[in-house]
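Coordinates in review
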Amino acid sequence: MRILIIGSEGFIGSHLRDHFRSEKQNEVFGCDIFEKESADYFRVDQYASSFDSIFEKQKFELCIFAGGNGSVPYSLEKPDIDFQLNTNTVNNLLSSIVKHQPQCKFLHMSSAAVYGSPVSLPINEGAVIKPISPYGWHKYLSEIICKKYYSLYNVQTVSLRVFAVYGERLRKQLFWDIYQKILKSNEVTLFGTGNESRDFINIRDLVQAIDVVIKKGEFNGEVYNVSSGKETTIREAATIICNVYDKELKVSFSGQSKPGDPINWRADISKLSVLGFKAKVELQEGLEKYVKWLKEKE
């Protein structure tokens, strides 16, 4: 399969690039905003991305969008740029696909942020959409764009609502922030009460989930929740990563909420499970490997 990965140099994109290149039947091309000399790589402008020249020159069977902005705080600070990176870019991609290669499938990496703070758990794909950040709204708008291109132009699309993904190469969000605090003090203080919860999924499980969707999923504008299906409090998760690094570390919470952060998350992944997906990496194991990687980067 000839695959184009948008955001190929980022956290998720680089893991997808490595995974699909490990399978001999695939020919994988990367696309990102960084300078890189390679015959199978395309550089695009961060804020005015046009993809016509790429789809004119090469033929692809699948395009994966793993680029854009992944920071909720940044979306609150600069919502216009977040819209450009997460929504307008998706529209530009699909516009190029429908003009040049309408047979190319499109997989959009959406986010659980579209749900906001749900009133009941677990959250299934039919739950009320109520984002609490520009990031969540812009991801949802991108899902609508994917549905539009399927219903009006017959471009095969699918959106994955990814929950709290973590793992090697991640340099932002909760576990990265905790590690930065660990390096400065033997006491880690975090936002919230510690009773907030997330549904964590390791990057290796995420890659397998994406692989399953590509092989068995419906590309008819559908959406799939992607996570482990397990709820873990922030206190529990923070304690695990601190104990992995140093059992003498202490964790405390400020009690202050962080704008744009949901309270509790747990995904209903039954729709994904029907395709054959099952998360395999437990949080303890995943964080042990993540801390090992972090230490190697010191």
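To keep things clear, this report deals only with the structure shown in the data block.

1. Considerations on the overall build of the protein
Counting its secondary structure elements, the protein contains 10 helices and 13 strands. Here the protein has a C-alpha radius of gyration of 19 Å; the compact-globule value for 298 residues is 19 Å, and the two agree. Here the C-alpha coordinates of the protein stretch approximately 55 × 40 × 40 Å along the principal axes. Expressed as a percentage of contacts within the protein between residues at least 6 apart in sequence, the contacts between residues at least 24 apart total 80%. Counting only carbon and sulfur atoms, one obtains 49% of the accessible surface of the protein, whose full area is about 13,900 Å². Between the averaged position of the 38 positive side-chain charges in the protein and that of its 37 negative side-chain charges there is a distance of 1 Å.

2. Re the layout of surface pockets
Regions of empty space are outlined by a rolling probe, equal in size to a water molecule, passed over the atoms. Of the volumes computed, that of the second largest pocket is approximately 190 Å³. What lines the second largest pocket is a set of 13 residues, among which Tyr-115, Ser-117, Pro-118, Val-119 and Val-128 lie closest to the centre. Of the residues belonging to the lining of the second largest pocket, the class tally is eight nonpolar, four polar and one charged.

3. What to know about a nonpolar patch on the surface
A contiguous nonpolar surface patch, about 220 Å² in accessible area, is contributed by Phe-83, Leu-141 and Ile-144. Position of Ile-144 relative to the elements: it lies in helix α5 (residues 134-153). Classification of Ile-144 as partly exposed rests on a relative accessible area of 39%.

4. A short note on the nonpolar core
Nonpolar side chains tend to gather and get buried jointly when the protein is soluble and globular. Among the nonpolar cores identified, the biggest contains 63 residues, and Leu-107, Leu-160, Phe-175 and Leu-206 are the most heavily contacted of them. When residues of this core are assigned to their parent elements, the largest contribution, eight residues, is made by helix α7 (residues 203-216). The residues contacting Leu-160, other than those within four sequence positions of it, are Leu-107, His-108, Met-109, Ser-110, Ser-111, Ile-210, Val-213, Tyr-224 and Val-226. The next biggest cluster of nonpolar side chains, apart from the first, holds 22 residues, and it includes Ile-6, Val-44, Phe-51 and Val-155.

5. Regarding the sheet that holds strand β5 (residues 105-111)
By definition, the strands of a sheet pair up through backbone hydrogen bonds, in either a parallel or an antiparallel sense. Across the sheet, seven strands lie side by side as β3-β2-β1-β4-β5-β6-β11; this open sheet has parallel pairing. Looking at strand neighbours, the two that pair on one side only are β3 (41-43) and β11 (222-226), the edges of this open sheet. In this sheet, neighbouring strand axes are inclined to one another by 20° on average, regardless of whether the strands run parallel or antiparallel. Pairing analysis gives six bridges linking β5 to strand β6 (residues 157-162), with the strands arranged parallel. Looking at the pairing, Met-109 lines up with Leu-160 of β6. Across the sheet, α7 is in contact with β4 (62-65), β5, β6 and β11; its angle to β5 comes to roughly 140°.

6. Considerations on the packing of helix α1 (residues 11-21) against α7
Look at α1 against α7: their axes get within 10 Å of each other, and the N-to-C directions meet at 60°. Along this stretch, α1 crosses α7, giving a crossing that reads as right-handed. Between α1, through Phe-11, Ile-12, His-15, Leu-16, His-19 and Phe-20, and α7, the contact on the second element is made entirely by Ile-203, Leu-206, Val-207, Gln-208, Ile-210, Asp-211 and Ile-214. The residue inventory of the contact of α1 with α7, partitioned by class, reads nine nonpolar, three polar and one charged.

7. Topic: the packing of helix α6 (residues 173-182) against helix α10 (residues 283-297)
Two elements in contact, α6 and α10, have axes separated by 12 Å at closest approach and are oriented at 50°. Comparing the axis directions of α6 and α10 gives the class oblique. The two elements α6 and α10 meet at a crossing, and its hand is right-handed. Along its contact with α6, which presents Phe-175, Trp-176 and Tyr-179, the element α10 presents Leu-283, Leu-287, Tyr-290, Leu-294 and Lys-295. Residues of the contact of α6 with α10, tallied by class, amount to seven nonpolar, no polar and one charged.

8. Topic: the side chain of His-138
Considering the arrangement of structural elements, one finds His-138 in helix α5. Of the residues examined, His-138 reaches a relative accessible area of 10% and is grouped as buried. Setting aside residues no more than four positions away along its own chain, His-138 makes contact with Pro-79, Asp-82, Phe-83, Asn-86 and Thr-87.

9. Some remarks on unusual backbone geometry
Geometrically, the link from Leu-121 to Pro-122 is a cis peptide bond, its omega value of -5° lying close to zero. Among the secondary structure elements, Pro-122 is positioned in the loop between β5 and α5. Positive phi is not limited to glycine here, since Asn-154 has a value of about 65°. On the secondary structure map, Asn-154 appears in the loop between α5 and β6.

10. Focus: the pairing of β5
Buried residues dominate β5, accounting for six of its seven residues. Pairing geometry for β4 and β5, over four bridges, is parallel. The residue bridging Leu-62 from the neighbouring strand is Lys-105, located in β5. The β-α-β motif built from β5, the intervening α5 and the parallel element β6 has right-handed crossover chirality.

11. Some thoughts on helix α4 (residues 79-100)
For α4, built from 22 residues, the straight-helix expectation of 32 Å at 1.5 Å per residue is met to within 8% by its first-to-last C-alpha distance of 31 Å. In α4, a bend of some 35° at Asn-88 exceeds every other bend along the element.

What counts and how
- Residues numbered from 1 in each chain as written.
- Predicted model: local features only at pLDDT ≥ 70, side-chain atom pairs only at ≥ 80, totals over all residues.
- Heavy atoms only, no water.
- Helix = DSSP H or I, 4+ residues; strand = E, 2+ residues; numbered from the N terminus.
- Rg over C-alpha atoms; globule rule 2.2 N^0.38 Å.
- Contact = heavy atoms within 4.5 Å.
- Areas by Shrake-Rupley, 256 points an atom, 1.4 Å probe, with all protein chains shown as cover.
- Lys, Arg positive; Asp, Glu negative; His and termini not counted.
- Charge placed at Lys NZ, Arg CZ, Asp CG, Glu CD.
- 1 Å grid on protein atoms, 1.4 Å probe; cavity = no way out; pocket = protein on both sides within 12 Å on 5 of 7 lines; lining within 4 Å.
- Points joined across faces, edges and corners; volume = space filled by probe spheres on them.
- Nonpolar A, V, L, I, M, F, W, Y, C, P; charged D, E, K, R; others polar.
- Patch = residues over 30% accessible without salt bridge, like charges linked within 9 Å, V, L, I, M, F, W, Y side chains within 5 Å.
- Salt bridge = Lys/Arg side-chain N within 4 Å of Asp/Glu carboxyl O.
- Buried < 20%, exposed > 50% of the residue type's maximum accessible area, 1.4 Å probe, protein only.
- Core = buried A, V, L, I, M, F, W, Y, C linked by side-chain atoms within 4.5 Å.
- Pairing = 2+ DSSP bridges.
- Axes fitted to C-alpha atoms, helices over the stretch in contact; angles between N-to-C directions.
- Left-handed = near helix turned anticlockwise from the far one by under 90°.
- Parallel < 35°, antiparallel > 145°, perpendicular 65-115°, else oblique.
- Right-handed = clockwise from strand over helix to strand, strands pointing away.
- Expected span 1.5 Å × (residues − 1).
- Bend = angle between axes of the 7 residues up to and from the residue.

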